[in-house]
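# Inside the fold
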Amino acid sequence: MQVRTIFLLLFSICVSSLPAQEDVTLDSAFFRQQKDLYQRWLEYEGLSEALRVQDILVEPDQVTLFLGFHSTDEDTVYQVWKELKTVFQQKNPITLEQHLFYKMIQLMELREDQARIALYNSYDVVNEPDPCFIRGIHFQAGQVRVLEHNCRSEIGEMEMSLPQLENKSQVVETEFRSSSRRKEVFDKIYDYASKRFGAKNCEGQPSRVFLREKDQVLRFEVKDLCKEVITESRAPLICQWLPIDCKERREWLTFTVTYFEITGGFKLSCQIDGKVGSGYFGTVSRGAYYDMEIDFDEYLKDYADSFKLELQGLF
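In this text, all values refer to a predicted model and were calculated from it rather than measured experimentally.

Procedures and definitions
Residues numbered from 1 in each chain as written. Predicted model: local features only at pLDDT ≥ 70, side-chain atom pairs only at ≥ 80, totals over all residues. Heavy atoms only, no water. 1 Å grid on protein atoms, 1.4 Å probe; cavity = no way out; pocket = protein on both sides within 12 Å on 5 of 7 lines; lining within 4 Å. Points joined across faces, edges and corners; volume = space filled by probe spheres on them. Helix = DSSP H or I, 4+ residues; strand = E, 2+ residues; numbered from the N terminus. Nonpolar A, V, L, I, M, F, W, Y, C, P; charged D, E, K, R; others polar. Phe/Tyr/Trp six-rings, centres within 6.5 Å; stacked < 30°, edge-to-face > 60°. Buried < 20%, exposed > 50% of the residue type's maximum accessible area, 1.4 Å probe, protein only. Lys NZ or Arg CZ within 6 Å of the ring centre and 35° of its normal. Contact = heavy atoms within 4.5 Å. Polar contact = N/O pair within 3.5 Å; in protein donor to acceptor, adjacent residues only side chain to side chain. Expected span 1.5 Å × (residues − 1).

Here the largest pocket defines a volume of roughly 250 Å³. Along the wall of the largest pocket there are 13 residues; nearest its centre are Gln34, Leu37, Tyr289, Tyr290 and Asp291. Those elements giving two or more residues to the lining of the largest pocket turn out to be helix H2 (28–45) and strand S13 (289–291). Examining the composition of the lining of the largest pocket, we find that 5 residues originate from one element, H2, more than from any other. Among the residues making up the lining of the largest pocket, the classes are represented as 6 nonpolar, 3 polar and 4 charged.

This is the structure:
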């Protein structure tokens, strides 16, 4: 049995969870389309110099996104991945694995337990049937986890030169002089968000807040918002670009909050991802919403700055 087969079998056992509530193969065409958008996102983030989308596998209960490298040499791949993670971590509050995983589920509109990402040094099953560099990114026990398989225990250091990554995510940071601990802070932010967004409605339809993660990272979604990010003054450009009914436009925002202890208090970072579409989320099919980040990132940046002020008022 090939290493890839063994690893995917182990991967499936490790990420097994509750029985699937839907057959995601019904949306296979949508996932293939989002695979191309994910590649565009890698280019936008500056990650495509190291990573590329290889393929996507849609099974009844889960979707696996396969990422590859521009080299198949195991030593080169190891060093590229190591440097990419180091450079990314210097500028971002979450890990590279979290970043890749969170964008997958946001673009493909999946629950955490429905998604996984696999990276191999080679997908050439004829000439290199046994890839030895493997990473499996999945969600288990309330947080993103990574399964690793390396080519060998000792890998010699190599000189690599990757382009400097630009931090284009809609991330804001703010510091607080308080002794509050992470759980207390996350509870307070989520309670505030539930009340703030839950009170909003579109023509009598209240927006809905969903908690996605609250262990090491706080993540929650707000669906069926109206004119929260895309205000009336900005709507004409959205309507020009996207095939949606702007009179019925709705927004879907995802907030990712991280907590760091610092001398005399703590620091929060908040990243906001957004989608816009027409029709209430619960009544439209997967794929009815469009990602804001690449083409309308300035709107999200402005909104993130505004939300930062709200966070500052909580503590």
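In the structure shown here, the tally under the stated rule is 21 aromatic pairs. Ring centres of Phe266 and Phe315 lie 5.5 Å apart, and the angle between their planes is 85°; on these two criteria the pair is classed as edge-to-face. Residue Phe266 is found in strand S12 (residues 265–278), and its partner Phe315 is found in the segment after helix H7 (297–312); the two are separated by 49 residues along the sequence. Judged by relative accessible area, Phe266 falls into the buried class, the value being 0%. A relative accessible area of 29% means that Phe315 is categorised as partly exposed. Put simply, the rings of Tyr190, Phe197, Phe220, Phe255 and Phe307 pair up and form one aromatic cluster. Sitting over the ring of Tyr102, Arg219 keeps its end group 4.2 Å from the ring centre.

Attention now goes to the environment of Gln106. With respect to the helices and strands, the residue Gln106 is situated in helix H4 (residues 96–108). For the pair Gln106 and Lys275, spaced 169 residues apart in the sequence, the C-alpha separation amounts to 8.7 Å. Once you skip the residues sitting within four places of it in the chain, Gln106 turns out to touch Thr254, Asp273, Gly274, Lys275 and Asp291. At 2.9 Å, the side chain of Gln106 forms a polar contact with the side chain of Lys103.

Attention now moves to helix H5 (residues 182–198). Because an α-helix completes one turn every 3.6 residues, residues spaced three or four positions apart along the sequence face the same direction. Taking 1.5 Å of rise per residue, 17 residues should cover 24 Å, and H5 covers 23 Å from first to last C-alpha, within 8% of that figure. Taken as a whole, H5 has its buried residues at Val185, Phe186, Asp187, Ile189, Tyr190, Ala193, Arg196 and Phe197. Of the surrounding secondary structure, the elements contacted by the buried residues of H5 are strand S9 (208–214), strand S10 (218–225), strand S11 (249–262), S12 and H7.

A positive phi angle, close to 65°, is found at Asp224, a residue other than glycine. Counting through the fold element by element, Asp224 comes out in strand S10. In this model, Lys227 sits at a positive phi of 55°, which is unusual for a non-glycine residue. Within the fold, Lys227 resides in the loop between S10 and helix H6 (235–241). Among the residues examined, Lys227 registers a relative accessible area of 47% and is labelled partly exposed.

These values are about where atoms sit, not about what they do.
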